[in-house]
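Residue strings, one per chain:
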Amino acid sequence: MTEFRKTTALVDEVEKGLKQLQELEHQPGSNFSSSSSLELSEEDIEQTVKKITSWMESITEIEGKMQGFIAKAEEKDPDKKIYGPGMIKRVKALAVRAEALRPTAEKLAAEWEEAYEPFIQKRKEKEMKHQEELLKRKRQQEQQEEMRLAALRAKQLAEATLREAEERRAEEEKKRQELERKRELELERKRYEEQKIRLNKEEERRKKAREMSSSEALQLMRDSNNEYQLSRMLMTLRKLIANIVNDPGVKMYRRIRQANKHVQSELLRYPGGEDFLLAIGFRLRRIKVDDKEPDPKVILKKKILLFYNTFAPRELPKVDVPRVVDFFAGGKEAGLWDRLRKKYGKSEEDLPDTFEDDRNGQLFYVLDEPPVNERSRWQRWFDDLKAVKELIRSR
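The sections below set out a description of the structure shown in this document. Every value quoted in this text rests on a predicted model; they were computed, and no experiment measured them.

Tallying each qualifying case throughout the model produces nine aromatic pairs. Seen from their ring centres, Phe-4 and Phe-69 are 5.2 Å apart, and the 70° between their planes marks the pair as edge-to-face. Of this pair, Phe-4 sits in helix H1 (residues 3-25) while Phe-69 sits in helix H2 (residues 42-73), and the two are 65 residues apart along the sequence. Overall, Phe-4 belongs to the buried group, its relative accessible area being 11%. On the accessibility criterion, Phe-69 (7% relative accessible area) is buried. Between the aromatic rings of Phe-307 and Tyr-344, the centroid separation amounts to 6.0 Å while the plane-to-plane angle is 65°, which identifies the pairing as edge-to-face. Of this pair, Phe-307 sits in helix H8 (residues 296-311) while Tyr-344 sits in helix H10 (residues 333-344), and the two are 37 residues apart along the sequence. Each member of the aromatic cluster is reached from another via a ring pair, and the members are Phe-307, Tyr-308, Phe-311, Trp-337 and Tyr-344.

Listed below in structure tokens is the structure:
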């Protein structure tokens, strides 16, 4: 299809559309100033305005092409002239039709835009109302968000305040506990110092008591107590010493439990009571109480180890202690102590008083019996006990 035919077809299309629109306006009884009389909806009018706008664009296109056709039709130069008489006639006829399109279209556009104006205004009002609603809703959301943020800040502030208060309380409690701990440590230190002083005094007193004679210890009892207290102390001592003298080999009589209620109430709670026991040979030791009789080999092994650790520590690695125990246990202990006395100048009686101590045991006043096979030593020990018995009986 040639360009002229295309333009002619476009002119036909626009003319047809404009004609139909004019016929719609001039229907009997219609009043175009009122869109309701045409029973047209907003959408119908909007579509019509869009069509007119499209036709106006087509008219602009037609006008542009028509200028070219007219220029060729009016060409005077025979050499350049390409249109014949028939074509020139058709161009002029199409130009007349094309010139009539724009006034008609502009008139219709004005009429339909005027008819569309109420809808545009209504739409604008609706859009404005919608925008106002959106703005109102946005402001409400912003207010709600501000309130939420304010509540959140208030909550965070309250939590921070509470946390700071708890931290202060925790810090104050920590300081209080630290002060309390320092006070307790100071009290503990004072108690320890007081106990240390007391123990040192007791140890000093016990040391002096161990160096006393039985007569000096008895005189201390007489000077420190009234007649009633002294009589109760002497009565208890007579029973204790009499049991030992009557059965010196019974270990039970030579061991007095410090916690014994009768001994505490009748002897130890009075001044001089413990001193007298120490003066006549008793020693304070911590002994583990067991229903089973201790193994003699175990006791001998402890004594040997204590002997070498005390008097000959360098010799201990050379000694086969288990073999020595096996050889001398069972009645031969005296021979062992004789050999050690000859070699080192020390024997069983020189062992520290703590050889029987057990940290988990109970405190006892213990009177050690010399070995029976050392007759002279044992006899001196027994005679001293009998002398003590006579001393307290005569008082």
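Resuming the write-up.
If charged atoms from side chains of opposite charge come close, those side chains can pair. For the coordinates displayed, the defined rule picks out 27 salt bridges. The salt bridge involving Arg-183 is made with Glu-180; its shortest N-O contact spans 2.8 Å. Taken together, the positions of Arg-183 and Glu-180, both in helix H3 (residues 85-211) and three residues apart, correspond to about one turn of that helix. Assessed through its relative accessible area of 44%, Arg-183 is described here as partly exposed. Judged by its relative accessible area of 30%, Glu-180 is partly exposed. One network of salt bridges, with partners in common, ties together Arg-198, Glu-202, Arg-205, Arg-206, Glu-274 and Asp-275.

Now for helix H5 (residues 227-246). With 20 residues, H5 should cover 28 Å at 1.5 Å per step; its first-to-last C-alpha distance of 28 Å lies within 8% of that length. Contact partners of the buried residues in H5: helix H4 (214-224), strand S1 (255-257), helix H6 (261-268), helix H7 (273-279) and helix H11 (375-394). Two or three places before Tyr-228, at the opening of H5, Asn-226 has a side-chain oxygen 3.2 Å from that residue's backbone nitrogen.

Rules of the game
Residues numbered from 1 in each chain as written. Predicted model: local features only at pLDDT ≥ 70, side-chain atom pairs only at ≥ 80, totals over all residues. Heavy atoms only, no water. Phe/Tyr/Trp six-rings, centres within 6.5 Å; stacked < 30°, edge-to-face > 60°. Helix = DSSP H or I, 4+ residues; strand = E, 2+ residues; numbered from the N terminus. Buried < 20%, exposed > 50% of the residue type's maximum accessible area, 1.4 Å probe, protein only. Salt bridge = Lys/Arg side-chain N within 4 Å of Asp/Glu carboxyl O. Expected span 1.5 Å × (residues − 1). Contact = heavy atoms within 4.5 Å. Polar contact = N/O pair within 3.5 Å; in protein donor to acceptor, adjacent residues only side chain to side chain.

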